[in-house]
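A structural walkthrough
Next come the chains, spelled out residue by residue.
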Amino acid sequence: MYNTDMKTIYHLLFSLLFVFAFVACDKDDDKAIERTQLKLEASAQSVTLNQDAPDDVILSFSWNEATSLGPEYTFDYLFQIDIADNEFQSATDVVTLGANESVSYTSSQLYDLIVEKWGKTAGEPVSVEARVAARVNGPKFQYPEIAYTTVRVTTYIPRSQALYITGSATPGGTDLNNADKMTELSNGRLYNWKGQLTAGGFKFITTPGVALPSYNKGADNSTLVKRTTESDPDEYFQISDPGLYYIYISLKEMSISYKKLLYENLYLVGSATAAQWDLEKLVAMTPDNLNPNIFTYQGALQEGELKILAQREFNGTTFKPLVADGSIESTDVQVTPGEQPDYKWKITAEQAGLYKITLDTEKMEIKFEKQ
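Our subject in this report is the structure included herewith.

Criteria and thresholds
Residues numbered from 1 in each chain as written. Predicted model: local features only at pLDDT ≥ 70, side-chain atom pairs only at ≥ 80, totals over all residues. Heavy atoms only, no water. Helix = DSSP H or I, 4+ residues; strand = E, 2+ residues; numbered from the N terminus. Buried < 20%, exposed > 50% of the residue type's maximum accessible area, 1.4 Å probe, protein only. Lys, Arg positive; Asp, Glu negative; His and termini not counted. Salt bridge = Lys/Arg side-chain N within 4 Å of Asp/Glu carboxyl O. Pairing = 2+ DSSP bridges. Phe/Tyr/Trp six-rings, centres within 6.5 Å; stacked < 30°, edge-to-face > 60°. Core = buried A, V, L, I, M, F, W, Y, C linked by side-chain atoms within 4.5 Å. Contact = heavy atoms within 4.5 Å. Axes fitted to C-alpha atoms, helices over the stretch in contact; angles between N-to-C directions.

1. Observations regarding the side chain of glutamate 129
With respect to the helices and strands, the residue glutamate 129 is situated in strand β7 (residues 125–137). No salt bridge is formed by the buried glutamate 129. Its closest oppositely charged neighbour is arginine 131, at 7.9 Å.

Set out below in C-alpha cells:
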C-alpha cells in the first residue's frame, strides 16, 4: 500500500502522462507512426446493478495491444475509471496491467464508487468513463497511446433491512421474540444502538423470533460473521462490565464497534454559544460513531464564555477548564460533579468565528479548532 503522499505523487505523474499525449510534438513527430491500434472495450454499454447478487461481476473493461513501436519497446497499461466528463479529477487509483488483460467490477463495487465515492444519487443512472494508457518503455521517450470508453450505469436504492440485538446481556435476554430493534442509519448497511447491557453475550438477528440468519462474533471483537446454518459457530460478543453501551455496525464492512458510555449526552452552554445561559436551548454535542466517548460540535462561537454540561442542569456533571477564563488554546479539561468551581472557557472578540470542538472524555482532552 502507498501512503497518502506517494499516492498523490503517483496520481500527479499519471495525470502528466495523459497531458503529455496532447502536448505539441517536436520536429521529428511528423515521422511518427500513426498509433490508433489500442482499443478499450466494455462488456456492456449500459448496466443495471443487481442488489440481489452484489458480489457477482457485472461490468468488465478490456483492451488489446498498443501499436507496435518496434522490438526494443514494451508497454505497461494504466487503467482508471471516473464519472464521465470529470477530466478524471476523482478517478480511482491507477491499476497497472499488461496487454489483453481486464478490470472487472461487481455491483457492490460500482455502487460504492458511484454513490459513496462520487456522491451520486442512488437509483439514478449515471455515465462512467474509463481510460487506459499504454505507457512506453524503450530507448527513447514516446507519448502514450490512450483509449477511452463510456458506460451508462443505473444503481439501486438499497432495501431496508431490520436488525435486532439479542442475547443474555441484552434487555430482552435470550428470548428471540424480545430482541431489541437497532436504528438503521443507512438502508441495509449501517446501524447503531444505545442501551443497558449486563454481564453476558449478545449477537444480532434480522427477524424477531427467528434464529437464522444471524450476525455473530467473528475473528475478533471488531469483526462480524454471518451465520446461516445451525452447524455454523454460534459465537457471541461478551460483556463483563455492565452499563450503558453504544453499538455501531457496518454490514458493508462486516464490522462492529461497541463501547461503554462514560456520558450519554453533552451540551454547550454560555454566552459564547447560541444557547446563552438558557437550559432550554442547550447546544448538543455529537458522539463519534466509532468511539461514542468522543464528542464534537461544529458551529459558531461568539465573544463570551462557555462550559459543557452532561445533564440539563447547572449543578450537574460539568466539563470546564482548569482555571478561570480558560484559554481555548489549551487542551486541558477537568470534570466536576457540580458547578463549583465555576470556571469557563473565554472566547475573545478576535477569536470569535466558526469552530470545531472535540472533547475526548476518556483522554480528558479538548480541542478548539477554528474553521
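2. Notes on the sheet that holds strand β28 (residues 365–370)
Strand order in the open sheet formed by four strands is β21-β22-β27-β28, with antiparallel pairing between adjacent strands. Here the strands that pair on one side only, and so sit at the sheet edges, are β21 (286–287) and β28.

3. Thoughts on unusual backbone geometry
For the bond from leucine 212 to proline 213, the omega torsion is -5 degrees, close enough to zero to count as cis. Within the secondary structure, proline 213 sits in strand β14 (residues 210–217). For the bond running from glutamine 340 to proline 341, omega is -5 degrees, close enough to zero to count as cis. Locating proline 341 in the fold gives a position in the loop between β25 (334–336) and β26 (345–347). The phi angle at glutamate 87 is positive, at roughly 55 degrees, despite the residue not being glycine. Glutamate 87 gets classed as exposed once you look at its relative accessible area, which sits at 64%. The backbone of aspartate 325 shows a phi angle near 55 degrees, a positive value even though the residue is not glycine. Residue position: aspartate 325 is located in the loop between β24 (318–320) and β25.

4. Describing the pattern of salt bridges
Applying the stated criterion to the full structure yields 16 salt bridges. The salt bridge partner of aspartate 112 is arginine 189, with a shortest N-O separation of 2.9 Å. Here arginine 189 lies in the loop between β11 (183–186) and β12 (190–197) and aspartate 112 lies in helix α2 (residues 107–117), a separation of 77 residues in the sequence. Between lysine 260 and aspartate 241 there is a salt bridge, with its nearest N and O atoms 3.2 Å apart. With lysine 260 in strand β18 (residues 255–260) and aspartate 241 in the loop between β16 (237–239) and β17 (243–250), the pair connects residues that are 19 residues apart, well separated along the chain. The exposure class assigned to aspartate 241 is partly exposed, which follows from its relative accessible area of 39%.

5. Digging into the packing of aromatic side chains
For any pair of aromatic rings, the description consists of the separation of the ring centres together with the inter-plane angle of the planes. For the structure on display, the rule yields 15 aromatic pairs. Their ring planes at 85 degrees and their centres at 5.1 Å tell us that phenylalanine 141 and tyrosine 143 sit as a pair that is edge-to-face. Assessed through its relative accessible area of 54%, phenylalanine 141 is described here as exposed. Its relative accessible area of 21% is what places tyrosine 143 among the partly exposed residues. Between tyrosine 263 and phenylalanine 319 the ring centres are 5.0 Å apart and the planes differ by 75 degrees, which places this aromatic pair in the edge-to-face class.

6. Points about the nonpolar core
Core analysis: the largest hydrophobic core is formed by 34 residues, its most contacted members being Phe61 and Phe79. Taken together, the elements giving at least two residues each to this core come down to β1 (40–42), β3 (57–63), β4 (74–83), β6 (102–106), α2, β7 and β8 (145–154). If you tally residues by element for this core, the top one is β7, at six residues. If we skip the residues at most four places from it in the chain, phenylalanine 79 touches Leu40, Phe61, Trp63, Asp93, Val94, Val95, Val103, Tyr105, Ala130, Arg131 and Val132. If you look at the next biggest cluster of nonpolar residues, it comprises 23 residues, including Val283, Phe319, Ile347 and Leu359.

7. Looking at the sheet that holds β3
Strands in a sheet are paired, the pairing made by backbone hydrogen bonds, and the direction either parallel or antiparallel. Here three strands make up an open sheet; going across it, the order is β1-β3-β6 and the pairing antiparallel. Looking at which strands have only one partner, the edges of the open sheet turn out to be β1 and β6. Direction aside, neighbouring strands of the sheet carry axes that sit 15 degrees apart on average. Here β3 pairs with β6 via five bridges, running antiparallel. Counted as the bridge partner of phenylalanine 61 is valine 103 from β6.

8. Regarding α2
By the burial criterion, the buried members of α2 are Ser107, Ser108, Leu110, Tyr111, Leu113, Ile114 and Val115. Contacts from the buried residues of α2 go to β3, β6, β7 and β8. A positive backbone phi angle near 70 degrees is found at glycine 119, which sits one or two residues after α2.

9. With respect to the side chain of asparagine 291
As for its placement among the helices and strands, asparagine 291 is situated in the loop between β21 and β22 (294–301). Owing to a relative accessible area of 13%, asparagine 291 belongs among the buried residues under this scheme. Setting aside its immediate chain neighbours within four residues, asparagine 291 contacts Lys259 and Glu362.

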